Amino acid sequence: MSLDKIRKTVRQYNKNPLSAEDMRKLQEIARDYCKVKNYVYGRFGGTGGLSKLYPGYTIQNEMTQSGLRGELGLPSAYFYLAVFDALGDIKCQWTRTKTKILKLLGQNENLTAEEKHYLRFLLKVPNAFDAVLNQKPVLLTEALHGQYEKLAKEIDTEKLHRYLCRQVRKYHVKLHTGKADGFCVSAAACRYDNHGIFLSVKERRKRIYVELTDNNRYTSQLYIKLRPEQAGIVIQAPVEVKVRSRRDFCRQVGLSCGMMTMLTTDQGHKYGDMLGKYQMEYSDWMRRQTGIYRQNRTANPGRKKYSAQKNRYEEQLHSYINHELNRFLETEKPETIYIPRLPGPKASGNSRRSRNFAAMWQRGYIRRRLAQKCRENAVRIVEVMGKDISRECSNCSAAGHSENGCFVCPQCGYKAQEKTNAARNAKKRGQENPKSDIDVSNKFRKPADSAD
């Protein structure tokens, strides 16, 4: 994909309710799609499947020979998409496992620097990682093998191999999904026509017709999300759109994020004042529901209403976040945004309510949506060092303190709202040290972001 384009997800909806028979056929495909994914998870999600993950054609061939497709009667267009969908999930899970082990490795004081270096080498070289976990000789290319022998000299490799195997057994999880609410479909299994879309089903040479609310047509792989309660579907299509060049976007803006107020600029402008209210309502509801569920767990209470209400809370919250981000961009018209690089969110406070509220903070979603919208408008996001950014005076750089949400500098007497001072510091640090800053315009990017 070229640099002047971005990828986003657009959605299509059914115009009229689907018949019970058509919905049953789509749900049958979704259930079989889920079964194929779980089969791949179980068979190739462990250490024995590591050598087959790249490029993946070995797994494809083994799945063809397994006879599962014939047993389910699932069309090949759905079957192989389910296989590669599961394969992608397994790769992501292994990445998460390695990231977790690398993090713990750095914190382990019982290992020497040489031992840590050796383990990092194993984690970053797929062939070596696979060989160690499966108790096989480590066979590498000539260049890598020389480096491996150099690292393995004068350390107890057997002890480190056992340590790595223990960590993998402890933190690696074989995936499993019980959600059969959708499936991917390729161009071979669908066709746009007559103001709608025709979708292949398990019956030979049969397709069901779904009339849509628009006449757009997409040639890329689609995801069909089933909504049986509304007798409908949602079609999610990834599209590439051209980045808009906004000549009126020319300002340098410092930002500070918060749990109560979403964004505060260096000029003191606030966006998302109601974020704390919405998050508190969501957090309190989740806390009450958790208590109710624990009290009635033996009665096996249903979760259908819970899931529906939870989705409504999240949709309300996300809709508000996107609205305020749009308002921020249209009002401030930034060319560059400076934002502090902060540590991961941590639950804080003495009460359970405050800890739950902190845990529900939508910081990751806000960052991803801000990054997506900035890419759409060719706005640059730069992260600056966040250490002591709220305790430093943006006027004279002296250390100050906060009083009831207001920053006070004892050195020069400067007073400002705490978040405004932090935003001013972000802008100041970004402009004073441009070489030390990190451009994160694509840091929070996902393969296909929402088109909210």
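Rules used throughout
- Chains are numbered independently. Their residues run from 1 in the order of the written sequence.
- In keeping with the model being predicted, local features are shown solely for residues with a pLDDT of at least 70 and side-chain atom pairs are shown and tallied solely at 80 or more, while totals for entire chains, interfaces and linings include all residues.
- Hydrogens and water are ignored here; the side-chain numbers use all heavy atoms of the structure.
- Throughout, exposure labels follow a simple rule: accessible area from a 1.4 Å probe, protein chains only, divided by the maximum for the residue type, with under 20% read as buried, over 50% as exposed, and the rest as partly exposed.
- Secondary structure elements follow DSSP: runs of H or I of four or more residues count as helices, runs of E of two or more count as strands, with numbering from the N terminus.
- Paired strands are those between which DSSP finds at least two bridges.
- In this description, a line fitted to the C-alpha atoms serves as the axis of each element, helices being fitted only across the stretch in contact, and the angle between N-to-C directions of two axes falls anywhere from 0 to 180 degrees.
- Here a residue-residue contact requires only that any non-hydrogen atoms of the pair lie within 4.5 Å.

Enquirer: Summarise the pairing of strand β11 (residues 334-341); cite the residues concerned and give the values.
Expert: Among the eight residues of β11, six are classified as buried, and the element is accordingly described as predominantly covered. Bridge count between β11 and strand β12 (residues 380-385): six bridges; the pairing is parallel. Bridging from a neighbouring strand, I339 pairs with E383 of β12.

Enquirer: Which residues make up the sheet that holds strand β5 (residues 207-211), and what values go with them?
Expert: Across the sheet, three strands lie side by side as β3-β4-β5; this open sheet has antiparallel pairing. Either end of the sheet is taken by a strand with one partner, and the two such strands are β3 (190-193) and β5. Between one strand and the next, the sheet's axes are offset by a mean angle of 20°, whatever the strand orientation.

Enquirer: An account of unusual backbone geometry is requested, with residue identities and associated values reported.
Expert: A cis amide bond links Y54 to the next residue, P55, at an omega of 0°. Mapped onto the elements, P55 comes out in the loop between α1 (20-44) and α2 (57-66). Notably, A231 is not glycine yet its phi reads approximately 55°, a positive angle. Mapped onto the elements of the fold, A231 is located in the loop between β6 (222-227) and β7 (232-242). A positive phi is found at K333, a non-glycine position, where the angle reads about 50°.

Enquirer: Can you lay out the pairing of β5 for me, pointing to particular residues and giving the numbers?
Expert: As a general feature of sheets, a regular strand has side chains that alternate between the two faces. Burial of β5 is one-sided: the residues I208 and V210 facing one way are buried, the residues R207, Y209 and E211 facing the other way are not. Two elements, strand β4 (residues 196-200) and β5, share five bridges in a ladder whose sense is antiparallel. By the bridge assignment for β5, F198 is matched with Y209. As consecutive antiparallel partners, β4 and β5 are separated by six residues, and within that stretch R205 has a phi angle of approximately 60°, a positive value.

Enquirer: Outline the sheet that holds strand β15 (residues 415-417), listing residues and values.
Expert: What the three strands build is an open sheet, ordered β13-β14-β15; its pairing is antiparallel. On the outer flanks of this sheet lie β13 (401-403) and β15, each paired with one strand and no other. Neighbouring strand axes in the sheet, compared pairwise and without regard to direction, differ in orientation by 35° on average. Pairing geometry for β13 and strand β14 (residues 406-408), over three bridges, is antiparallel. Note on β14: the bridge partner recorded for S402 is F407. Helix α13 (residues 418-432) contacts β13, β14 and β15 of the sheet and is inclined by roughly 100° relative to β15.

Enquirer: Provide a residue-level description of the side chain of Q362, including the pertinent values.
Expert: Among the secondary structure elements, Q362 is positioned in the loop between α11 (352-359) and α12 (363-376). The buried category is assigned to Q362, whose relative accessible area is 15%. When sequence neighbours within four positions are dropped, the list of residues in contact with Q362 reads Q279, Y282, L317, H318 and I321.

Enquirer: Please give an account of the environment of T157 that cites residues and values.
Expert: Tracing the backbone through its elements, the reader meets T157 in helix α8 (residues 157-171). If near-sequence neighbours (up to four positions away) are discounted, T157 is found in contact with Y118 and A152.

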